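Results of the structural survey
If you want the building blocks of each chain, they are given just below.
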Amino acid sequence: MAIADSLRSKLRLPVIGSPMFIVSSPELVIEQCKAGIVGSFPALNARPEPVLDEWLTRIRTELDAYQQQHPGRRVAPFAVNQIVHSSNNRLAHDIEVCVRHKVPLWITSLQAPDAVVEAAHSYGGLVYHDVTNIKHARRALQAGVDGLILVCAGAGGHAGALSPFALLTAVREFYDGTIILSGAIANGAGILAAQALGADFAYMGTRFIASQEANAVDAYKQAIVDSTAEEIVYTNLFTGVHGNYLRSSIVNAGLDPDALPQADKSTMNFGSGSAQKAKAWRDIWGSGQSVAAIHDVPTVSELVDRLEAEYFAARERLQRDTRGWARET
């Protein structure tokens, strides 16, 4: 496993809060980092373009002040997500701003992030890339990324169709670097399970939508609390890339979740001027199958406290329950 000591020492739990369109705001990121897990946000959330500089200044200023006030606390670094796609007409601008602020961690999505890797590595930043299959994993490694985020079946938002067991096992056959695992992780036991599978970090998004600091309307948060795993719909209709969405939000948009047409991948558009009637993430709410384990809307601080308690309880339980198993000699 490959977690840099400098990063491990700043984390309370091996968790990265995934960047969520609209939902991830400075308030959420700051509270995640203060609680000891990596907080992240998509650069495209900061609109218009000058707002990105403002957000980065605020996040770093508040985290530095908090660390000075609490020198004994583990304050995690933050990450910025870049959508590497031809329709993202802000990419060059956002890369320049992030380099200027020396963003510690970058999360890249969709196409291979060669230009982002070069920019981040120019000052020592780390780049983790979202992948849903082996082909994309190999191409990202060719670009020189510092780690892979395996977005598996059950994850919220744009997700793959492979089981975490299958994809992680396959990637570990040719890669021994940092792996972040995503796919319906909502509690401390899930974080421990990700490590047991061979991952270094758990990647958690949906659980943090249902938090006080998330920039989501109350109806969205309540829908996550009320939904079951069976109510998550996997479709490529809304963005051109397959993703998981809350069934109730699809119904509320006047669509039949059981009869959704297939979209052409060429319909993908991540530009700053898109204007559709029913937008993914704003009206059609992304969510993972982890809703099955979500029953309330706590603060981030309360939630991370709970995750920590669950994590160590699961570890103790596992040690106790496996005590009777011994390797044959």
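Refer to the preceding data block for the structure.
Below or above, wherever it landed, is the structure these notes cover.

Here is what the cut-offs are and how they apply
- Residues numbered from 1 in each chain as written.
- Predicted model: local features only at pLDDT ≥ 70, side-chain atom pairs only at ≥ 80, totals over all residues.
- Heavy atoms only, no water.
- Pairing = 2+ DSSP bridges.
- Helix = DSSP H or I, 4+ residues; strand = E, 2+ residues; numbered from the N terminus.
- Axes fitted to C-alpha atoms, helices over the stretch in contact; angles between N-to-C directions.
- Contact = heavy atoms within 4.5 Å.
- Salt bridge = Lys/Arg side-chain N within 4 Å of Asp/Glu carboxyl O.
- Buried < 20%, exposed > 50% of the residue type's maximum accessible area, 1.4 Å probe, protein only.

Side note on the sheet that holds strand E9 (residues 201–204)
- Pairing is parallel in the open sheet, where eight strands are placed in the order E1-E9-E8-E6-E5-E4-E3-E2. Each having just a single partner strand, strand E1 (15–17) and strand E2 (39–42) make up the two edges of the open sheet. The mean angle between the axes of side-by-side strands here comes to 25 degrees, regardless of whether they run parallel or antiparallel.
- Judged from the three bridges that link them, E1 and E9 form a sheet pairing that is parallel. When the sheet's bridge partners are listed, Ile 16 is paired in E9 with Tyr 203.
- In the packing of helix H6 (residues 134–142) onto the sheet, the strands contacted are strand E5 (126–131) and strand E6 (147–151), and the crossing angle to E5 comes to about 160 degrees.

Brief notes about the pattern of salt bridges
- Applying the stated criterion to the full structure yields 15 salt bridges.
- Note that Glu 62 and Arg 58 form a salt bridge whose closest N and O atoms lie 2.8 Å from each other. In this pair, Glu 62 and Arg 58 are both assigned in helix H3 (residues 50–69), four residues apart and thus about one turn of the helix distant.
- Among the residues examined, Glu 62 registers a relative accessible area of 34% and is labelled partly exposed.
- According to the relative accessible area criterion, Arg 58 is partly exposed, its value standing at 32%.
- Residues joined by salt bridges that share partners form a network here, namely Arg 12, Asp 305 and Glu 308.

Points about unusual backbone geometry
- Across the junction of Arg 47 and Pro 48, the peptide omega takes the value -5 degrees, indicating a cis bond.
- Among the secondary structure elements, Pro 48 is positioned in the loop between E2 and H3.
- Residue Lys 102 is not a glycine yet carries a positive backbone phi of 50 degrees.
- Turning to its location among the elements, Lys 102 is positioned in the loop between helix H4 (91–100) and strand E4 (105–110).
- A positive phi angle is found at Leu 110, which is not glycine, with a value near 75 degrees.
- Mapped onto the secondary structure, Leu 110 falls in strand E4.

No statement about biological role is implied by the geometric values presented.
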